[in-house]
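# Results of the structural survey
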Amino acid sequence: MRHRALPFFAALLLALAASMTASAENLIVSVSNHRITVTPNYSGEELVLFGSIERDSKSKPPGTAYDIVVTVSGPRADMVTRRKERKLGIWINVDSREFIQVPAYLGIFANRPIDNIASPDVQRRQQIGMASFPLPQRMGPDVANTVASDPFRTAFVRLRTDHGLYREQTNAVTFLTPTLFRTGIPLPAEVPTGTYTVDIKLFADGAVLAKTETAFEIVKVGFEQFVANSARYHGLLYGLATAMMAIMTGWLASVVFRRD
């Protein structure tokens, strides 16, 4: 029994040593604002994320070059991408693909190109970079992720990018000192409300040394919040009020602009 237990304890010691080495660096991060309020004149905003790399006696030498990849993902929802074709002189939908619980906002920020930070295998395992971020699709009865070159995935990412809701910037993280970094997180006017997760990974020589997370929230306030809550929680009354407003607006216009 003793001889059988030796390999187990040896493997356990190796695992503990690996975990201690991996935790030699720690990340401390914070965003400039954890709660963003959307008002009627909201036209977008840019958050600032600051971070610091804490070293200990087991860290790599001071001259080690670090890399940072920040992934910001917003509220998740089901979305549909449709493919159109021109038939008989008109454009019609001929095919579609449903994306299941994908982020409405996805921002990837790094200090240099992702391919220079980690190998393709590490990118897939750590889900860094637009090409490696999972965007599962419904294909028949199954839900699965697809390759980056899939035409529906490519079109979906392109459309979200055109609206500023998906972006990958490989020169957005700036090292102020060898261990202090910052990056901006642009949030366009079309950004949806909800909770956003910020995932930060620290790399060196193509390997992950540390990771941490933070979050922020985007909420509506004032009259917009009242309208949003009415539409969500009192759908029937909201619909009736909207219909009455449309009728009253039409009647008022007919009175003002009628010709006697």
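Check the entry above for the structure.
Here's what I pulled together on the structure shown here. Being a predicted model, the structure only gives us computed values, none of them experimental. (Residues numbered from 1 in each chain as written. Predicted model: local features only at pLDDT ≥ 70, side-chain atom pairs only at ≥ 80, totals over all residues. Heavy atoms only, no water.)

### Focus on the overall build of the protein
To keep it simple, the criterion reads: Comment: elements are numbered from the N terminus, with helices defined as DSSP H or I runs of at least four residues and strands as E runs of at least two. Buried means the residue's accessible area, taken with a 1.4 Å probe over protein chains only, is under 20% of the maximum for its type, while exposed means over 50%, and partly exposed covers the values in between. Any pair of residues with heavy atoms lying within 4.5 Å of one another is described as a contacting pair. Per-residue accessibility takes into account occlusion by the displayed protein chains alone, with areas from the Shrake-Rupley method and a 1.4 Å probe.
On a plain count of helices and strands, the protein comes out with six helices and 14 strands. Across the 260 residues that make up the protein, the buried fraction comes to 35%. Within the protein, contacts between residues separated by at least 24 positions form 68% of all contacts whose residues are at least 6 apart in sequence. As presented, the protein carries roughly 15800 Å² of accessible surface, and 59% of it is formed by carbon and sulfur atoms.

### Points about helix 4 (residues 151–162)
Rules: To estimate how far a helix should extend, the number of its residues minus one is multiplied by 1.5 Å.
Along its 12 residues, helix 4 runs 16 Å from first to last C-alpha, staying within 8% of the 16 Å computed at 1.5 Å per residue. Turning to helix 4, its buried residues are Phe152, Arg153, Ala155, Phe156, Val157 and Arg160.

### What about the sheet that holds strand 3 (residues 45–54)?
Condition: Note: two strands are recorded as paired if DSSP finds a minimum of 2 bridges between them. Only the contacting stretch of a helix is used when fitting its axis, a line to C-alpha atoms as for every element, and angles between N-to-C directions run 0 to 180 degrees.
Read across the sheet, four strands follow the order 1-3-12-11 without closing on themselves; strand pairing throughout is antiparallel. In this open sheet, the two edge strands, each paired with only one partner strand, are strand 1 (26–31) and strand 11 (174–177). Strand-to-strand, the axes of this sheet are offset by a mean angle of 25°, without reference to chain direction.

### Topic: a nonpolar patch on the surface
This is how the line gets drawn: Patch building starts from residues that exceed 30% relative accessible area and form no salt bridge, then joins like charges within 9 Å and nonpolar side chains (Val, Leu, Ile, Met, Phe, Trp, Tyr) within 5 Å. Salt-bridge detection follows one rule: a side-chain nitrogen of Lys or Arg within 4 Å of a carboxyl oxygen of Asp or Glu.
Judged by side-chain polarity, Met248, Trp251, Leu252, Val255, Val256 and Phe257 come together as a nonpolar surface patch covering roughly 660 Å² of accessible area. Within the secondary structure, phenylalanine 257 sits in the segment after helix 6 (235–256).

### Points about the pairing of strand 11
Pairing analysis gives three bridges linking strand 11 to strand 12 (residues 180–187), with the strands arranged antiparallel. Paired with threonine 174 across the strands is arginine 182, a residue of strand 12. Counted between consecutive antiparallel strands, the loop separating strand 11 from strand 12 contains two residues.

### Brief notes about the pattern of salt bridges
If charged atoms from side chains of opposite charge come close, those side chains can pair. The final tally for this structure, using the stated rule, is six salt bridges. One salt bridge connects glutamate 98 with arginine 138, and the closest N-O pair in it is separated by 3.3 Å. Separated by 40 residues along the polypeptide, glutamate 98 in strand 6 (residues 90–103) and arginine 138 in strand 8 (residues 137–139) bring together distant segments of the chain. Among the residues examined, arginine 138 registers a relative accessible area of 37% and is labelled partly exposed. We note a salt bridge from lysine 201 to aspartate 199, for which the minimum N-O separation is 2.5 Å. For aspartate 199, a relative accessible area of 14% puts it in the buried group. Linked by salt bridges that have partners in common, Asp121, Arg124 and Arg125 make up one network.

### Quick notes on the nonpolar core
Defined as follows: To define a nonpolar core, start from buried Ala, Val, Leu, Ile, Met, Phe, Trp, Tyr and Cys residues and group those joined through side-chain atoms within 4.5 Å.
Ranked by internal contacts, the top residues of the largest apolar core, which has 52 residues, are Val72, Tyr105, Tyr166, Phe181, Leu187, Ile200 and Phe216. In terms of residues, this core owes the most to one element, strand 13 (residues 194–204), which gives six residues.

### Thoughts on unusual backbone geometry
Backbone geometry at glutamine 127 places phi at a positive 55°, although glycine is not the residue there. Within the element layout of this structure, glutamine 127 appears in the loop between helix 3 (120–126) and strand 8. Residue aspartate 205 is not a glycine yet carries a positive backbone phi of 55°. Mapped onto the elements of the fold, aspartate 205 is located in the loop between strand 13 and strand 14 (207–220). Of the residues examined, aspartate 205 reaches a relative accessible area of 70% and is grouped as exposed.

### Regarding the environment of arginine 76
Quick note on the threshold: Pairs of N or O atoms within 3.5 Å make up the polar contacts considered here, provided that, within protein, one atom can donate a hydrogen while the other can accept it, and that residues adjacent in sequence are counted only when both atoms are side-chain atoms.
Here arginine 76 shows up in strand 5 (residues 76–87). For arginine 76, a relative accessible area of 44% puts it in the partly exposed group. Along the sequence, arginine 76 and isoleucine 100 sit 24 residues apart, while their C-alpha atoms lie 8.5 Å from each other. Within the structure, the side chain of arginine 76 is placed 2.9 Å from the backbone oxygen of glutamine 101, a separation counted as a polar contact.

### Topic: the environment of valine 29
Checked against the element boundaries, valine 29 lands in strand 1. With a relative accessible area of 18%, valine 29 lands in the buried category. In sequence terms valine 29 and phenylalanine 50 are 21 residues apart; their C-alpha atoms lie 5.6 Å from each other. Sequence-distant contacts of valine 29, that is, excluding residues within four places in its chain, are made with Phe50, Gly51, Phe181, Ile200, Thr212 and Thr214.

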